[in-house]
Amino acid sequence: MSTVFERAVAVTALVLGPLSLVVTTVWQWMLQPAGSNPTAVDVAVQFPGAWLTVGLLAVCGPLVWLAGLPATVTPPTARGALTTRIGALVTGAGLAAGIGHLAAYFALYGSVAAAGLSGDALARMQSAGDAEPIGNVLLVVFLVGYSIGPIVLTIGLRIARGVGVWVPLAAVVTAGANLFGGPVAGAVQLIALVLVWTPLAVRALHGRSLGG
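Just so it is clear, the model here is predicted, and its values are computed rather than measured.

Position of serine 20 among the secondary structure elements: in helix α1 (residues 4–30). Owing to a relative accessible area of 13%, serine 20 belongs among the buried residues under this scheme. Apart from the residues lying within four places of it in its own chain, the contact partners of serine 20 are Leu57 and Gly61.

Here it is, written out as structure tokens:
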């Protein structure tokens, strides 16, 4: 990288971005509202402060993460250059869509909780929120970009001999874990996520993210 400042920004972004996802995911696991069939509204009602904080972290995390993506690509003349650029663009599109989706998600259920809706009104509002087209489009773009982008990116870095072969494999595991629910799949996903982005942050730290 050209300056120490750019390197510091890239490393910070590549550390705090994935870390925000880990923290918010684990934190949401810890928020267990009372009730037989609790929903996101119940979480927002019973833990309003935590809901707001988690929501802010969830939205700001991808925003910070985006700042580190340029440092992950290889030079135009290097092997795998086109692949890393495509991967970074797809990942960036996914993260950008994630900002919108997460903002809408946390704001919607926070507002419903603050309105004190109950009974049929609450059920109709939740149903309308789940069917809202803009939020669903953003969710799909987020999931696709977040899953496929890092795979393509790390394959390109592997072609350039910039990361170990296990890094793109960890990216595949991260994407595959999205297909399964439950704490086990979630824990596997978070571990694989760390295994993907830690080497990229280390490359940026040593100023090799734009080299071979």
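Tallied over the entire structure, the rule returns 7 aromatic pairs. Both rings, one in tryptophan 51 and one in phenylalanine 106, keep their centres 4.7 Å apart while their planes meet at 50°; by these two values the pair is tilted. Here phenylalanine 106 lies in helix α4 (residues 81–115) and tryptophan 51 lies in helix α3 (residues 48–66), a separation of 55 residues in the sequence. Accessibility classification places tryptophan 51 together with phenylalanine 106 in one group, the buried group. Taken together, the aromatic side chains of Trp51, Tyr105, Phe106 and Tyr109 make up a single cluster linked through ring pairs.

A positive phi angle is found at arginine 161, which is not glycine, with a value near 60°. Turning to its location among the elements, arginine 161 is positioned in the loop between α6 (133–159) and α7 (166–177). The exposure class assigned to arginine 161 is exposed, which follows from its relative accessible area of 54%.

For α7, which comprises 12 residues, the first-to-last C-alpha distance of 16 Å matches the rise-based estimate of 16 Å (1.5 Å per residue) to within 8%. Listing the buried residues of α7 in full gives Val167, Pro168, Ala170, Ala171, Thr174, Ala175 and Ala177. Close packing links the buried residues of α7 with α6 and α8 (183–205).

Turning our attention to the nonpolar core. If you look at the biggest cluster of nonpolar residues, it comprises 26 residues, and the most contacted ones within it are Trp65, Leu153, Trp197 and Leu200. Mapped by element, the contributors of at least two residues to this core are α1, α4, α6, α7 and α8. When residues in this core are grouped by element, the largest group, 6 residues, is from α8. Setting aside chain neighbours within four positions, we find leucine 153 in contact with Thr72, Thr83, Thr84, Gly87, Ala88, Trp197 and Leu200. Formed by 15 residues, the second largest nonpolar core is a distinct cluster that contains Ala40, Trp51, Val54 and Leu122.

An ideal rise of 1.5 Å per residue puts 39 Å on 27 residues; α1 measures up with 38 Å between its terminal C-alpha atoms. Along its buried surface, α1 packs onto α3 and α8.

Summarising the element assignment, glycine 87 is placed in helix α4. On a C-alpha basis, the gap between glycine 87 and glycine 164 in space is 17 Å, while along the polypeptide they are 77 residues apart. Setting aside its immediate chain neighbours within four residues, glycine 87 contacts Gly149, Val152 and Leu153.

Once that is clear, we can look at the packing of α6 against α7. Two elements in contact, α6 and α7, have axes separated by 8 Å at closest approach and are oriented at 170°. Judged on the interaxial angle alone, α7 and α6 are roughly antiparallel. Along the contact surface, α6 presents Tyr146, Ser147, Pro150, Ile151, Thr154, Ile155 and Arg158, while α7 presents Val167, Pro168, Ala171, Val172, Thr174 and Ala175. Taken together, the residues of the contact of α6 with α7 break down into 9 nonpolar, 3 polar and 1 charged.

Definitions and cut-offs
- Residues numbered from 1 in each chain as written.
- Predicted model: local features only at pLDDT ≥ 70, side-chain atom pairs only at ≥ 80, totals over all residues.
- Heavy atoms only, no water.
- Helix = DSSP H or I, 4+ residues; strand = E, 2+ residues; numbered from the N terminus.
- Buried < 20%, exposed > 50% of the residue type's maximum accessible area, 1.4 Å probe, protein only.
- Contact = heavy atoms within 4.5 Å.
- Phe/Tyr/Trp six-rings, centres within 6.5 Å; stacked < 30°, edge-to-face > 60°.
- Expected span 1.5 Å × (residues − 1).
- Core = buried A, V, L, I, M, F, W, Y, C linked by side-chain atoms within 4.5 Å.
- Axes fitted to C-alpha atoms, helices over the stretch in contact; angles between N-to-C directions.
- Parallel < 35°, antiparallel > 145°, perpendicular 65-115°, else oblique.
- Nonpolar A, V, L, I, M, F, W, Y, C, P; charged D, E, K, R; others polar.

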